[in-house]
Amino acid sequence: MSILIYAESSSEGKFKKVAFELASYAKKVAESLNTTVTAVTVNNTNTSELSKYGVDKVLKVSNDQLKNFTAKAYADVIKQAAEKENVKLVLLSSTTDSLYMAPLVAISLNAGFASNVVGLPVNLSPFQVKRNAFSNKAFAITELETEVKVLSLAKNSYGLVENNSSLTEEDFSPSLNDADFGVKVENVEKTAGKVTIA
């Protein structure tokens, strides 16, 4: 059993900072559970950076259909990776994409789900985590009783902690079907320069 993280990257294939924070967090939890950290990457060719933050194994998914984010398809990839690795703990970030996808992952794995996690588990048995509550004005301790658990780590709640490990890579080809791509991305426009909020 290992801990599974989704190492999110940009459309250019570079890891986002949250991927390294998630890896750092996962490594610390893995040490307390005496297990390893496995990361799922999508269309990312250079995964060596993840080893600096404690990732032991990478499942590399290369699929042109996953060029643009589609929550159902990405959730299916993570579900299949979790089942392949016999994972009991899945960690996701709190980016917009991951927050959209996390409940889908939890449902597909029959898992308990806690979002906005702000620290290491308070207790491992029973499994309890500290979360932001009431628009980040309070904290709540949440207990997850399911065998499989999905956590969404709040941004900047743990930080980056280098913990070098030897990394093994494995190509992973999940089976995706047309139902995973019910939403079709036709165009992506990125704004350059100053962006107004108003």
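Located above this text is the structure these notes cover.
Residue indices begin from 1 for each chain and proceed along its sequence in written order. Local features are withheld for residues below a pLDDT of 70 in this predicted model, meaning they are given only at 70 or higher, and side-chain atom pairs are given and counted only at 80 or more; totals for whole chains, interfaces and linings count all residues. Just so you know, side-chain values use all the structure's heavy atoms and leave hydrogens and water out.

*Asks:* Residue-level account of the environment of Y158, with values.
*Replies:* Elements are defined by DSSP. Helices are runs of H or I of four residues or more, strands are runs of E of two residues or more, and each kind is numbered from the N terminus. Examined against the element boundaries, Y158 turns out to sit in the loop between β9 (149-153) and β10 (168-171). Along the backbone, Y158 and M1 are 157 residues apart, and their C-alpha atoms lie at a distance of 23 Å. If we skip the residues at most four places from it in the chain, Y158 touches E21, S24, Y25, K28, L120 and L153. In what follows, a contact means two residues having at least one pair of non-hydrogen atoms within 4.5 Å.

*Asks:* Quick rundown of the pattern of salt bridges? Include the residues and the values.
*Replies:* Salt bridge criterion: a side-chain nitrogen from Lys or Arg within 4 Å of a carboxyl oxygen from Asp or Glu. Tallied over the entire structure, the rule returns 10 salt bridges. Across the pair E147 and K88 runs a salt bridge, and its minimum N-O distance is 3.1 Å. Separated by 59 residues along the polypeptide, E147 in the loop between β8 (138-144) and β9 and K88 in the loop between α2 (71-85) and β4 (89-92) bring together distant segments of the chain. Residue exposure (1.4 Å probe, protein chains only): buried if accessible area is under 20% of the type maximum, exposed if over 50%, otherwise partly exposed. Using a relative accessible area of 57% as the deciding quantity, one classes E147 as exposed. Each of K57, K84, E85 and E170 takes part in salt bridges that share partners, so that together they form one network.

*Asks:* Provide a residue-level description of the layout of surface pockets, including the pertinent values.
*Replies:* A cavity here means a set of points on a 1 Å grid, drawn over the protein atoms and nothing else, where a 1.4 Å probe fits but cannot get out; a pocket is an open set with protein on both sides within 12 Å along at least five of seven lines, and a residue lines either one if it has an atom within 4 Å of a point. Grid points are joined across faces, edges and corners, and a volume is the space filled by probe spheres set on the points. Approximately 460 Å³ is the volume found for the largest pocket. Around the largest pocket, the lining is made up of 18 residues, and of these S9, S10, S11, K67 and F69 lie nearest the centre. Of the residues contributing to the lining of the largest pocket, the split by class is 7 nonpolar, 6 polar and 5 charged. Charged means Asp, Glu, Lys or Arg here, nonpolar means Ala, Val, Leu, Ile, Met, Phe, Trp, Tyr, Cys or Pro, and polar covers whatever is left, Gly included.

*Asks:* How would you summarise helix α1 (residues 17-33) if you had to cite specific residues and measurements?
*Replies:* Over its 17 residues, α1 runs 25 Å from end to end, which matches the ideal 24 Å to within 8%, given 1.5 Å per residue. Among the 17 residues that make up α1, 12 are buried, leaving the element largely enclosed by the rest of the structure. Regarding α1, the residues found buried are V18, A19, F20, E21, L22, A23, S24, Y25, A26, K27, V29 and A30. Buried positions along α1 lie against β1 (2-6), β2 (36-42), β4, β5 (112-117) and β9. Of the residues one or two after α1, N34 is the one with positive phi, at around 55°. Between the first and last residue of a helix there are one fewer steps than residues, each counted as 1.5 Å, and that sum is the expected span.

*Asks:* Describe in detail the environment of F172, supporting the description with residues and values.
*Replies:* The topology assignment puts F172 in the segment after β10. Since its relative accessible area comes to 10%, F172 is described here as buried. Each C-alpha atom, one on F172 and one on S108, is 19 Å from the other, the two residues being 64 residues apart in sequence. Apart from residues no more than four positions distant in its own chain, F172 is found in contact with L59, K60, V61, S62, V77, Q80, A81 and K84.

*Asks:* Kindly report on empty space enclosed by the protein, identifying the contributing residues and their values.
*Replies:* Summed over all chains, the structure comprises 1 cavity of 30 Å³ or more. Within this model, the largest cavity holds a volume of roughly 40 Å³. Considering the residues around the largest cavity, the lining is formed by V18, E21, L22, S93, S94, L153, A154 and K155. The greatest single-element share of the lining of the largest cavity, amounting to 3 residues, is contributed by α1. Split into classes, the residues belonging to the lining of the largest cavity amount to 4 nonpolar, 2 polar and 2 charged.

*Asks:* An account of the pairing of β1 is requested, with residue identities and associated values reported.
*Replies:* Summarising burial for β1: 5 of the 5 residues are buried, a large majority. When DSSP finds two or more bridges between two strands, those strands count as paired. Summarising the sheet, β1 and β2 pair through 5 bridges and their orientation is parallel. By the bridge assignment, L4 is partnered in β2 with T38. With 3 bridges connecting them, β1 and β4 associate as parallel partners. Bridged to L4 within β4 is V90.

*Asks:* Got a sec to walk through unusual backbone geometry? Specific residues and values, please.
*Replies:* A negative phi holds for most residues other than glycine; trans holds for most peptide bonds. In the segment running from S125 into P126, the intervening peptide bond is cis, with an omega of 0°. Mapped onto the elements of the fold, P126 is located in the loop between β6 (123-124) and β7 (127-133). The backbone of N116 sits at a positive phi, close to 55°, despite the residue not being glycine. On the secondary structure map, N116 appears in strand β5. A positive phi angle, near 55°, is found at S135, a position not held by glycine. Position of S135 among the secondary structure elements: in the loop between β7 and β8.

Geometric descriptors of this kind do not, in isolation, establish any biological role.
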